[in-house]
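Residue-level listing of the chains:
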Amino acid sequence: MSIPQSGGGPIESHAQLAEYLESGCKPREDWRIGTEHEKFGFLKGSLEPLPYEGRQSVRSVLEGLRDRHGWSAIEESGHLIGLEKDGANISLEPGGQLELSGAPLETIHQTCDEVNQHLAEVRDVADAIDVGFIGLGAAPHWHFEDMPMMPKGRYRLMTRYMDEVGTMGKSMMYRTCTVQVNLDFASEADMVQKLRVALALQPVATALFANSPFFEGKLNGHKSWRSRIWRDLDADRTGMLPFVFEPGFGFEAWAEYALDVPMYFVYRDGQYIDALGQSFRDFLRGELPALPGEKPTLSDWADHLTTIFPEARIKKFIEMRGADGGPWRRLCALPAFWVGLTYDQGALDAAWDMAKSWDADTREAWRVAASVDGLHAEVGGQKMLDVAREVLDIAEAGLKARARPGAGGLLPDETHFLNALRESVDSGQAPADELIRRYETDWNRDVRPVFEEFAY
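An account of the accompanying structure is given in this report. Values in this document were obtained by computation on a predicted structure and should not be read as measured data.

## Quick look at the overall build of the protein
(1) Moving on: For the protein, the helix and strand inventory stands at 17 helices and 15 strands.
(2) Moving on: For 456 residues, the compact-globule formula gives about 23 Å, and the C-alpha radius of gyration of the protein, at 21 Å, lands near that figure.
(3) Moving on: Projecting the C-alpha coordinates of the protein onto the three principal axes gives extents of approximately 65 × 55 × 45 Å.
(4) Moving on: Excluding contacts between residues fewer than 6 apart, the proportion of contacts in the protein whose partners are at least 24 apart in sequence is 73%.
(5) Moving on: Total accessible area on the protein stands at roughly 16700 Å², and carbon and sulfur atoms take up 48% of it.
(6) Moving on: One way to put it: in the protein the 48 positive side-chain charges average out to a point 2 Å from where the 72 negative ones average out.

What follows is the structure, encoded as structure tokens:
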């Protein structure tokens, strides 16, 4: 999850809320790719999650990355809770999941190099203290009471609030991992088209990247349990957002939606002030119970935008949020998938042509079916495998049109990063299907071998 925002003066007019979002507009030549991915750390001996403190711990991993690989420390209340270097950040999810938020880069070749470098550095540090990391969408056998809580004020507040608004919020916080990509837009119209495509086709990403068939030591009946968790978390801030598809949608409509999402906190002087369930609209009037008489700054607005969790969201960029964490090849495939669909106008138009006839019920049905059945989902007589194949064709065409070479010109474009997804469509097997097969056969219905065979 995001680190606290900074900068920006007081909000003096309602118009600044939408203007903040609009300030993210960039000309095409300045569009960048920011890849984020999370992974679970574990003790190799006991297969338990990493605690925050101790020789074999999350803190030790952060210290090792700082001392051995030149990262700079980020602290909160004296606790090491993140790192930064060259425009990238390493942060901690609530249960100790380690997240890389990559630098904004021009090509998928570059972002994949960044991912590989990061995993190599993590492996170097982890091997030295005999711990491991694994990419899965959900923790395979840990229970909530097994999980540590990272020393971040934001997480203490959220943990307390989650049981009031849903049944699976704490499971999301402590026992799931994702891979995401952040992408730019040129204008309000470009943002609208991209966000509509992102929301409509997010279930395709869920199916292709499905990698969480286990939970609490057994099969859970879903290919993406992580996606299932998000459906019963907090209806005020999650979902497929039908209003995005209504005529007239734009930055102002998003700002109005965000204003109606209950607050979590206000960040002041290094501390998270409890504003759980309070209204940003009241904050604008100087009537926030948590800070009576005080009005928000733009950094408060930026912080609030990070507490909204739909399947795709906008800040000063668009964030694709529907994929499970997974093996390294898919960490590079996720940005390739979405860049191919959205960074070439012909591909973006073709993607929207595919999905524009779907109504809100159809989009939600795909979301549910992708979570349960992955690539074998069907909605209204249409098969996910056929949809995914067509979407991949569009993404591949988009990457060919981009024609961004790599490997010193040996690679003419970025299309090879889609190979892992092509293999899934050709075989009908997403990562979850392979895990289920291994569980039912080679592993004798024991989830623990996943740590040895699928660790980074």
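That covers the picture; the talk isn't over yet.
## Comments concerning the state of the cysteines
Two cysteines joined by a covalent bond between their sulfur atoms form a disulfide.
(1) Moving on: A complete count under the given rule lists 1 disulfide for this structure.
(2) Moving on: Residue cysteine 177 stays outside any disulfide, its sulfur separated by 17 Å from that of cysteine 332, the closest cysteine.
(3) Moving on: The buried category is assigned to cysteine 177, whose relative accessible area is 1%.

## So, the packing of helix 6 (residues 188-208) against helix 11 (residues 328-342)
(1) Moving on: Between helix 6 and helix 11, the shortest axis-to-axis distance is 11 Å and the interhelical angle comes to 145 degrees. Pair helix 6 / helix 11 crosses with right-handed handedness. When helix 6 is examined against helix 11, the residues Lys194, Val197, Ala198, Leu201, Gln202, Val204, Ala205 and Leu208 are found in contact with a partner set consisting of Arg330, Phe337, Trp338, Leu341 and Thr342.
(2) Moving on: Here the contact of helix 6 with helix 11 is built from residues that sort into 9 nonpolar, 2 polar and 2 charged.

## Describing the pattern of salt bridges
Proximity of charged atoms lets side chains of opposite charge pair with each other.
(1) Moving on: Here the structure, examined in full by the defined rule, presents 38 salt bridges.
(2) Moving on: Across the salt bridge formed by arginine 422 and glutamate 396, the nearest N and O atoms sit 2.7 Å from each other. Of the two residues, arginine 422 is situated in helix 15 (residues 419-427) and glutamate 396 in helix 14 (residues 384-402); the sequence distance between them amounts to 26 residues.
(3) Moving on: On the accessibility criterion, glutamate 396 (22% relative accessible area) is partly exposed.
(4) Moving on: Several salt bridges converge on common partners, so that one network encompasses Glu434, Arg437, Arg438, Asp442 and Glu453.

## Details of helix 12 (residues 345-355)
(1) Moving on: Taken residue by residue, helix 12 has Ala347, Leu348, Ala351, Met354 and Ala355 as its buried positions. For helix 12, the angular spread of buried residues about the axis comes to 120 degrees, placing them on one side.
(2) Moving on: Turning to helix 12, the residues buried within the fold contact helix 6, helix 11 and helix 14.

## Side note on unusual backbone geometry
Glycine aside, residues mostly have negative phi angles, and peptide bonds mostly take the trans form.
(1) Moving on: One non-glycine residue, leucine 47, lies in positive phi territory at about 60 degrees.
(2) Moving on: On the secondary structure map, leucine 47 appears in the loop between strand 1 (33-43) and helix 2 (58-69).
(3) Moving on: For leucine 47, a relative accessible area of 15% gives the class buried.
(4) Moving on: Although it is not a glycine, leucine 241 adopts a positive phi angle of roughly 50 degrees.
(5) Moving on: Mapped onto the elements of the fold, leucine 241 is located in the loop between helix 7 (225-230) and helix 8 (251-259).

## Examining the environment of glycine 270
(1) Moving on: Structurally, glycine 270 can be placed in the loop between strand 10 (265-268) and strand 11 (271-274).
(2) Moving on: For the pair glycine 270 and glutamate 76, spaced 194 residues apart in sequence, the C-alpha separation works out to 6.7 Å.
(3) Moving on: When near neighbours in sequence (up to four residues on either side) are disregarded, glycine 270 contacts Glu76 and Ser77.

## Observations regarding the pairing of strand 1
(1) Moving on: The element strand 1 is largely enclosed, with a buried count of 11 among its 11 residues.
(2) Moving on: The pairing of strand 1 with strand 7 (residues 178-183) spans 5 bridges and is classified as antiparallel. Its bridge partner being in strand 7, glutamate 36 is matched across the sheet by glutamine 180.
(3) Moving on: One ladder, built from 4 bridges, connects strand 1 with strand 5 (residues 98-101); its direction is antiparallel. Each bridged residue has a counterpart across the sheet, and for glutamate 36 the counterpart in strand 5 is serine 101.

## Some points on the pairing of strand 7
(1) Moving on: Among the 6 residues that make up strand 7, 6 are buried, leaving the element largely enclosed by the rest of the structure.
(2) Moving on: The side-chain alternation of strand 7 yields two buried faces, one formed by Thr178, Gln180 and Asn182 and the other by Val179, Val181 and Leu183.
(3) Moving on: Where strand 7 lies against strand 13 (residues 318-324), 5 bridges are found, and the strand directions are antiparallel. Opposite valine 181, over in strand 13, you have methionine 320 as the bridge partner.

## Describing the side chain of histidine 118
(1) Moving on: For histidine 118, the location among the structural elements is in helix 3 (residues 108-128).
(2) Moving on: With a relative accessible area of 2%, histidine 118 lands in the buried category.
(3) Moving on: Once residues lying within four places of it in the same chain are set aside, the contact partners of histidine 118 are His37, Lys39, Ile90 and Leu100.

## Considerations on the packing of aromatic side chains
(1) Moving on: Considering all chains together, one arrives at 23 aromatic pairs under this definition.
(2) Moving on: Between phenylalanine 214 and tyrosine 439 the ring centres are 5.3 Å apart and the planes differ by 45 degrees, which places this aromatic pair in the tilted class. Here phenylalanine 214 is found in strand 8 (residues 214-215), whereas its partner tyrosine 439 is found in helix 16 (residues 431-440), with 225 residues between them in sequence. Per residue, the accessibility class of phenylalanine 214 equals that of tyrosine 439, and both read buried.
(3) Moving on: Judged by centre distance (5.0 Å) and plane angle (40 degrees), the ring pair of phenylalanine 243 and tyrosine 257 falls under tilted.

What counts as what
- Residues numbered from 1 in each chain as written.
- Predicted model: local features only at pLDDT ≥ 70, side-chain atom pairs only at ≥ 80, totals over all residues.
- Heavy atoms only, no water.
- Helix = DSSP H or I, 4+ residues; strand = E, 2+ residues; numbered from the N terminus.
- Rg over C-alpha atoms; globule rule 2.2 N^0.38 Å.
- Contact = heavy atoms within 4.5 Å.
- Areas by Shrake-Rupley, 256 points an atom, 1.4 Å probe, with all protein chains shown as cover.
- Lys, Arg positive; Asp, Glu negative; His and termini not counted.
- Charge placed at Lys NZ, Arg CZ, Asp CG, Glu CD.
- Disulfide = S-S within 2.5 Å.
- Buried < 20%, exposed > 50% of the residue type's maximum accessible area, 1.4 Å probe, protein only.
- Axes fitted to C-alpha atoms, helices over the stretch in contact; angles between N-to-C directions.
- Left-handed = near helix turned anticlockwise from the far one by under 90°.
- Nonpolar A, V, L, I, M, F, W, Y, C, P; charged D, E, K, R; others polar.
- Salt bridge = Lys/Arg side-chain N within 4 Å of Asp/Glu carboxyl O.
- Arc of directions from axis to C-beta.
- Pairing = 2+ DSSP bridges.
- Phe/Tyr/Trp six-rings, centres within 6.5 Å; stacked < 30°, edge-to-face > 60°.

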